[in-house]
Amino acid sequence: MSGVHTTIARCLLEPGYLDRVRAGELPLSAEAEGLDLDRLRMFGGFVSKVQHNDSWADFPFTRAALKLAGREIDTFADYRNRHLTLGAVPGLPRVERIRALIGFIEQRFGQDGSRGASQAVTIVRHERALWEVRLALELPAEQLDRQIVPRDVLRVVELAHDPQVIADQIRVGAAAWAEVAAQPRFVCYWGQRAEHRLTTVAVDGVTALVLSEIGTGIDPDALIARLAGYDDRFTEPVVSAVLAGAADRGMIRLVEPARLR
Amino acid sequence: MAYSARTPTFLARHPELVDYVEVPFEMLRHNPATFDLLANVPVVLHCASLSVAGSVPPKPEVLDEVAGWAVRTGTPWIGEHLSFILADRELAGPSADPYAPGEPWNIGYTVSPQLTEQTLDRVVAALAAAEAKLPAPLLLENPPIYFPIPGSTMTQVQFVAELCQRTEIGLLLDLAHFYITARNLGLDPVEQLAGYPVERVVEVHLSGLDEEAGSLWDNHAARAPQAELDLLELVLARASVRAVTLEYNWSTQFPETVLLAELDRVHSVTAAVSVG
């Protein structure tokens, strides 16, 4: 009895061991002959899924998309080795565990062309941006000596669809969630501490890139230099116009006057 | 109901609806302050640390802690799983895994054991050892079987029936686990229940389940299917069950309206059996 229990435990707990056994690289112990390794893999995924129950409050539609796609446990089965490896890192913050999981889910959906995969990527990116902004708002404001400063947190994400359309379909469990038409967009996720507000703002590509380079604060020379390195469209007048618009909206603060080359 | 982060709020809003809260020992061990949130409601202790069906016993201090919380909560019984959580690491031979060398493997989740005479003997001994130290009786909960264990010589129903012949153990019948096991093994749940020592059932668990990759999986964030309520009715007709626990404790998003509806659903079954 002990031998088969030990084998099961090793398959579930030693990163990579089960994969190597399934691939025929390592033999299975005699007591474990006949063990359904595919189901054992799925059980490992199930355990990892349950151990991430605390993640779903911030990513409800990501989880729903996984379930509607019929691949929730399978995704966690693929994530199991990473989960085990991270679990062995002493003192790893919960935020980093969740960040790793969500990154894996996005990567997995992004790599396959299955039905609903691109819509799932949109939802993952949308919920992660919301989560990251909420996390940043919980931190004290950094006091940086910069000419251009966000008010208070900006994250810019490129999405292939309108996430609200997908979420509305997911909410009612409609299969149409996986068929939502592509509507590419850039979205700025804007968090304001004093107002306890998080707003999403659709922006054009030029604005998206300018705002995404601001980070926690930047000086005009550094901003221009970075943007010019991407594309010679980013001239001083173009960047000035974007910054002025963002400042008018209250998204950034320009230490007067913004000195651009 | 099984404890979740929303339980204190639910209790404050609907104190008349909850007869007791079932709390995991592991949660109390990790966060003893949880108990302070349950000052006005009876507590039933649940446990997943004794590994009664494994070859590696828990450390003595674990049993002491379980006993301590049993006293502190005043629990009428302690639910534990017919499972193994710990396994001999040395039997695995040379291993590249540097994690906790010298320590047994700790799966961190209950796993249905190999069902044999040898396991029966171990469980009988483990129960005796545990009950000698615990101030409240143990109830043994049936785990879900997601994959058969090679070398098993009996079904779970046969195993539990034989265990009840050899001991006075009471049972915690988890109907989600029971249904999952039957379906995953291609068996009829109602037929399986006919052979189960239902007269020993003291407590029943209800929760939801998922289906993926051709198997059923436990899900405490979904509503129990009607099949479980049908099984509950059969159980109540045969046994003097003292408690029915709703295990909807895996999601803080589980709607209160749904929980209220589930309480109504269970009450309708228990009331119908009482009247009948």
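If you're wondering where the values come from, they're calculated on a predicted model, not measured in any experiment.

A. Here's a closer look at the packing of helix α6 (residues 94–111) of chain A against helix α7 (residues 117–138) of chain A. All names here are of chain A. One way to put it is that α6 packs onto α7 with a least axis distance of 8 Å and a crossing angle of 160°. Classified by the angle between their axes, α6 and α7 sit roughly antiparallel to one another. Crossing angle aside, the handedness with which α6 passes α7 is left-handed. From α6, Val 95, Ile 98, Arg 99, Ile 102, Gly 103, Ile 105, Glu 106, Phe 109 and Gly 110 reach across to α7, where they touch Ala 117, Ala 120, Val 121, Val 124, Arg 125, Arg 128, Trp 131, Glu 132 and Leu 135.

B. Region of the structure containing the interface of chain A and chain B. Facing 35 residues of chain A, the contacting portion of chain B comprises 42 residues. With both sides pooled, the region where chain A packs onto chain B buries about 3,200 Å², and carbon together with sulfur makes up 65% of that total. Linking chain A to chain B there are 1 salt bridge. Between Lys67(A) and Asp210(B) there is a salt bridge, and its shortest N-O distance comes to 2.8 Å. Here chain A is connected to chain B by 8 residue pairs in polar contact (both at pLDDT 80 or more).

C. Examining helix α11 (residues 236–249) of chain A more closely. Residues and elements named next belong to chain A. Here α11 is 14 residues long and its end C-alpha atoms lie 20 Å apart, about the 20 Å a rise of 1.5 Å per residue gives. Residues Val 239, Val 242, Leu 243 and Ala 246 constitute the buried set of α11. Taken down its axis, α11 places every buried residue within 95° of arc, on the same side. Exposed residues pointing more than 90 degrees away from the buried face of α11 are listed as Pro 237, Ala 241 and Asp 248.

D. Molecular detail of the nonpolar core. Core analysis: the biggest nonpolar cluster contains 104 residues, and Phe43(A) and Phe46(A) have the highest contact counts within it. Looking at this core element by element, the count peaks at 7 residues for helix α3 (residues 37–50) of chain A. Those residues within four positions of Phe46(A) in sequence are excluded, and the remaining contacts are Ile73(A), Tyr109(B), Tyr146(B), Trp217(B), Asp218(B) and Trp250(B). Counting 27 residues, the second largest nonpolar core, distinct from the first, contains Phe76(A), Leu101(A), Val124(A) and Ile166(A).

E. Quick look at the sheet that holds strand β3 (residues 185–192) of chain A. All names here are of chain A. The 3 strands are arranged β2-β3-β4 in an open sheet whose pairing can be described as antiparallel. What marks the edges here is a single partner per strand, and that holds for β2 (153–159) and β4 (197–203). Geometrically, the sheet is characterised by an average inter-axis angle of 20° between neighbouring strands, direction not taken into account. Note that β3 and β4 share 7 bridges and pair antiparallel. Among the inter-strand pairings, Tyr 189 is bridged to a residue of β4, identified as Thr 200. This element, α7, spans β2, β3 and β4 of the sheet and lies at about 175° to β2.

F. Region of interest: the pattern of salt bridges. Residue and element names in this part refer to chain A. On inspection of all chains with the given rule, the structure shows 33 salt bridges over all chains. Between Arg 20 and Glu 25 there is a salt bridge, with the nearest N and O atoms lying 3.5 Å from each other. Since its relative accessible area comes to 43%, Arg 20 is described here as partly exposed. Of the charged contacts, one joins Asp 54 and Arg 94 as a salt bridge, the two residues approaching to 2.8 Å between their closest N and O atoms.

Calculation rules
Residues numbered from 1 in each chain as written. Chains lettered and ligands numbered in written order. Predicted model: local features only at pLDDT ≥ 70, side-chain atom pairs only at ≥ 80, totals over all residues. Heavy atoms only, no water. Axes fitted to C-alpha atoms, helices over the stretch in contact; angles between N-to-C directions. Helix = DSSP H or I, 4+ residues; strand = E, 2+ residues; numbered from the N terminus. Parallel < 35°, antiparallel > 145°, perpendicular 65-115°, else oblique. Left-handed = near helix turned anticlockwise from the far one by under 90°. Contact = heavy atoms within 4.5 Å. Buried area = accessible area lost by both parts, 1.4 Å probe. Salt bridge = Lys/Arg side-chain N within 4 Å of Asp/Glu carboxyl O. Polar contact = N/O pair within 3.5 Å; in protein donor to acceptor, adjacent residues only side chain to side chain. Expected span 1.5 Å × (residues − 1). Buried < 20%, exposed > 50% of the residue type's maximum accessible area, 1.4 Å probe, protein only. Arc of directions from axis to C-beta. Core = buried A, V, L, I, M, F, W, Y, C linked by side-chain atoms within 4.5 Å. Pairing = 2+ DSSP bridges.

Any functional reading would require information beyond the geometric quantities listed.
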